[in-house]
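# Tertiary structure, described
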Amino acid sequence: MRVEAEIRGKLYADDCAGSLAVLATDQLLGLTSHEAARRLEEYGENKLERVKRLSLLSLLIDQLRSVIVWLLGAAVVLSVLVGEYPEAIAIIVVLVINTAIGFFTSWNAIRSMEALFQMTQATARVRRDGRSSMVPVEEVVPGDVVILEAGDVVPADLRLLQVDNLQCDESALTGESAPVSKSEKVLPEKTGVADRINLAFKGTAVTRGEGLGLVATIGSETEIGRISTLAQTAEAAAFPLEKRLDKLGQTLVIISIGMSGLIALAGILRGLEPIAMIETAIALAVAAVPEGLPVVATLALARGMLRLARRNTLIERLSAVETLGATTLILTDKTGTLTENRMTVAGFLLHHADVDVNELPSQENVTSEAELLRALEIGALCNSAELPLGGGAEGVGDPLELALLHFANLLGVRPDLDPDDRPETAKFPYDPDLKMMATCHAVSGGVFTAVKGAPEAVLAHSQRVLTKAGVVELSDAERDAWLRRVDAAAGAGYRLIGLAYNEGPDQGDGPYKSLILVGFVTLLDPLRPDVPAALAECLGAGVRVIMMTGDHIATAKEIAAQAGLGAQGRLVALSEHDLHGLTEARIDASLKSRLADADVFARVAPETKLRLVEYYQKDGHIVAMTGDGVNDAPALKKADIGIAMGQRGTQVARDAADVVLKDDAFTSIVAAMWQGRVIFGNIRRFVIYLMSCNFSEILIVGLAIVAGLPAPLIPLQILFLNIVTDVFPAFALGLGEGDRSIMDRPPRDPEEPIVGHPQWADIVAFGLMITVATLGAFWIALDRLALSPTDAAAVAFLTLALAQLWHVFNLRARGENPFVNSVTRNAYVYGALAVSLVLLMAAFQVPALSDVMELNPLTGEQLGLATAASLLPLIGGALWLRRGAPPREPGVKEKGDLR
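Quick look at the structure, then.

Moving on to the overall build of the protein chain. For the protein chain, the count of helices and strands is 30 helices and 24 strands. When the 899 residues of the protein chain are sorted by exposure, 54% land in the buried category. The long-range fraction of contacts in the protein chain, counting pairs at least 24 apart against all pairs at least 6 apart in sequence, stands at 73%. If you sum the accessible surface of the protein chain, you get close to 38200 Å²; carbon and sulfur atoms cover 58% of it.

With that out of the way, let us pick up the pattern of salt bridges. In this structure the tally under the stated criterion is 29 salt bridges. Asp551 is the partner of Arg495 in a salt bridge, and the nearest nitrogen-oxygen pair spans 3.1 Å. Of this pair, Arg495 sits in strand β17 (residues 495–504) while Asp551 sits in the loop between β19 (544–549) and α19 (553–563); the two residues are 56 residues apart in sequence, bridging distant segments of the chain. By relative accessible area, which is 22% here, Arg495 ends up partly exposed. By relative accessible area, Asp551 is classed as buried at 4%. The network of salt bridges with shared partners includes Glu35, Arg38, Arg39 and Glu42.

With that out of the way, let us pick up the nonpolar core. Grouped together as the largest cluster of nonpolar side chains are 114 residues, with contacts concentrated most on Ile330, Phe666 and Phe797. With 22 residues, the top contributor of residues to this core is helix α24 (residues 666–706). Beyond its immediate chain neighbours, meaning those up to four positions away, Phe666 contacts Ile330, Thr332, Thr337, Leu338, Val531, Ala534, Leu535, Cys538 and Val545. Membership of the second largest hydrophobic core comes to 37 residues, among which are Phe348, Leu387, Ala403 and Phe448.

In this section: the pairing of strand β10 (residues 344–350). For β10, the tally of buried residues reaches six of seven residues, placing the bulk of the element in the interior. Sheet topology places β10 next to strand β18 (residues 515–524); six bridges connect them, and they run antiparallel. The partner of Val345 across the bridge, within β18, is Leu523. Both β10 and strand β11 (residues 354–356) contribute to a ladder of three bridges, which runs antiparallel. By the bridge assignment for β11, Phe348 is matched with Val355.

We now examine a nonpolar patch on the surface. Together, Val77, Leu78, Leu81, Ile275 and Ile278 make up an exposed nonpolar region whose accessible area comes to about 420 Å². Counting only elements with at least two residues in the nonpolar patch, the list comes to α5 (67–81) and α11 (274–288). Here the nonpolar patch gets three residues from one element, more than from any other, and that element is α5. One can find Ile275 in helix α11.

With 16 residues, helix α17 (residues 476–491) extends 22 Å between its outermost C-alpha atoms, agreeing within 8% with the 22 Å of an ideal straight helix rising 1.5 Å per residue. Turning to α17, its buried residues are Trp482, Val486, Ala489 and Ala490. Taken around the axis of α17, the buried residues stretch over an arc of 100°, which confines them to a single face. For α17, the exposed residues set more than 90 degrees away from the buried face come down to Asp476, Ala477, Arg484 and Ala488. On its buried side, α17 packs onto β10, α16 (455–460), β15 (462–467), β17, β18 and α19. The first or second residue beyond α17 is Gly493, which carries a positive phi of 95°.

A few words on the state of the cysteines. If you walk through the whole model with that rule in mind, you get zero disulfides. In this structure Cys382 is a free cysteine whose sulfur lies 9.4 Å from that of Cys440, the closest cysteine sulfur available. When its relative accessible area of 0% is taken as the criterion, Cys382 is described as buried. On the accessibility criterion, Cys440 (1% relative accessible area) is buried.

Our focus in this paragraph is unusual backbone geometry. A positive phi angle, close to 55°, is found at Asp129, a residue other than glycine. With respect to the helices, strands and loops of the structure, Asp129 is situated in the loop between β1 (123–128) and β2 (131–136). Residue classification places Asp129 among the partly exposed residues on the basis of a relative accessible area of 37%. Not every positive phi belongs to a glycine, and Ser514 is a case in point at roughly 50°. Structurally, Ser514 can be placed in the loop between β17 and β18. Taking relative accessible area as the criterion, Ser514 reaches 41% and is therefore assigned partly exposed.

Thresholds applied
- Residues numbered from 1 in each chain as written.
- Predicted model: local features only at pLDDT ≥ 70, side-chain atom pairs only at ≥ 80, totals over all residues.
- Heavy atoms only, no water.
- Helix = DSSP H or I, 4+ residues; strand = E, 2+ residues; numbered from the N terminus.
- Buried < 20%, exposed > 50% of the residue type's maximum accessible area, 1.4 Å probe, protein only.
- Contact = heavy atoms within 4.5 Å.
- Areas by Shrake-Rupley, 256 points an atom, 1.4 Å probe, with all protein chains shown as cover.
- Salt bridge = Lys/Arg side-chain N within 4 Å of Asp/Glu carboxyl O.
- Core = buried A, V, L, I, M, F, W, Y, C linked by side-chain atoms within 4.5 Å.
- Pairing = 2+ DSSP bridges.
- Patch = residues over 30% accessible without salt bridge, like charges linked within 9 Å, V, L, I, M, F, W, Y side chains within 5 Å.
- Expected span 1.5 Å × (residues − 1).
- Arc of directions from axis to C-beta.
- Disulfide = S-S within 2.5 Å.

Right under this line is the structure:
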């Protein structure tokens, strides 16, 4: 039976048992799968109202809201006023084609973004059918029992049933900056939202502790759902690249109109017909306007995002794609990013010996080994992960804790199977300051406290040690000996976890007092096999990589060495202790020198990660940082590119990040950087191509008028070229897969303009080459072949059209092979050329079209002249690109194996 939202919204005034009764839920078993499915159908999905997708009509109208479109519209009106109806129709065709391309590109981008949104859906851990399972947040229903731990984002408004040091960040909801400590106690009905401490609100972050909550309200019924309309009315800001393209486009509109006007004025002053000059000016202005600039950015970014999505990299913010290509420093986590996050127990350091996993006793004999048995029990009891009842390979929880559970289960230690065997009475979740966690269990003699944590932390809190002979005092000499054993194991690349316990009539002064050390478990997390090659590629791309981990410094150094970090085999590793100077207002020269050379930061605290990001940003770096925990969120937000782990990362970290790696792999970061560089390069290619073609058209008409020659192009021919060369080849360049050697070059300056001095030089040079070739063919046709001005103009038209089409091959990167390069490998280029050539053929062969454009079929001689002249800019471009080309080191292979 449906329980109304008004009743569910007041469960904070009811006790836990009453709340469970209202929603007909069992705290231990949760809902059944069948009941959850029924409630999902009854209550609907747990999601906030999203901004409605733009309608097709609204999207079409958006394409008409630009200065460029207004200019085209004005050209249509002016053409009609002077009686040039064919030109008006031609301009309308240009307008329709460009609007259609913008419309379909934007529509495709919206659909792509929605597809990516579906890929980034969050999950929640709930109890169903008596066991824990992960379900999509949208499928959480009223009555679900949700398990919370640090790093989670609360999936719905929950009535808390159980809390263990639980704190939530509710700043997004209430404005309170400090985390709020939670309780399960009953509150008065008139308690305000901000004071309802027995509720956990949807969208808030769990910053500390653990808890159990009953889903009360979902979706728009939640507190954040009621105010979500404020966010929906906010207008999305344009990303930096889009702003720069818009600014460039507006500048070019002004320049184009000015130059076209000057050409018309020059023609009138030379005595040419004013109406003809006005028509020419209109055609040149239309042709010179870069209609496709904003569209190609959307197209390139959307395609790049989809390519990255196929490589398990989800872009959360569009501006991240641009910044990725400028990254100069990566602060990367170790576990799961450089390593496989496939934790396996390798052995134990016990009082009497170091025990390898292959030397352990059988399941039947493990009870005779008191030290080993106690170590297995602590690993299984002090644990937040869960295994299915039958054991097996699956499980829910942290990979390290699952490894401990699996290994204990392998040797027959499964205290979770018997609820009467040391039931848990209290839990102290992992404390990042203490670097330990503890659980308390009821035993016949009182309380048994199991503790695990960082080796040095557990050792520092231990006063006694478990030996074969029993429990003895831990002397300073033995403590030093333990530390040497830990360092030796860490130096071999093992990750170590300290295991200790205490027992007595009660919990005493806390879980970490007077601990009895049992030993240390060694775990192996192998390096990903593709990491060394990826790190080498970063080095070749001028990107520095620093490993930043909470692990023991010796473990970190060994993994870093295996990965290939360190210049010429010299590895520089710093610990948290070495970084204390970061808090000073002025950092001393010695620390600056070590930070400049550092390859590894070990045992770093979350606050230190934030300070390191800030330091390197001030030092001029574009910083990308990886993170997975709730404590990484501030540094992820501060970094120029925050990269969260999709598999093991907390929801808080994912929400703070710009990029989410679905596979947690470092190679995906390298692929993302590569794609960021490719996207910027494709947009730059598009702009250079478009502007050099437009520049040549203005020069050809302008110089012909100044030289007193007949018009080499009529307005309709210029408009036709605008359709052929400004649409198909230009957009093909925006879809290319990029220069394979792009990662052989250092990152670009993030402030570098799309069109800088080198690009302007290319535009002018290429434009002049096309102009010389076209006017040369035009002069030969007039003077040597003695053609009429109309037929000579047809030769000039074909020369210009072919020269602009072949010009697409000049847009390869400097240093690339002239015959095998990023442009020749782009299949879209050949499709664009084929379509353009068919349209050119139609312009000469289709009577209705050729009559309007004043194009007569060309003789073989005329066709040969136009073709030969059109190849000259391609040859000249090849020579121009050799100028300033970076030398290629012999033996340097082209990249691409990681994409």
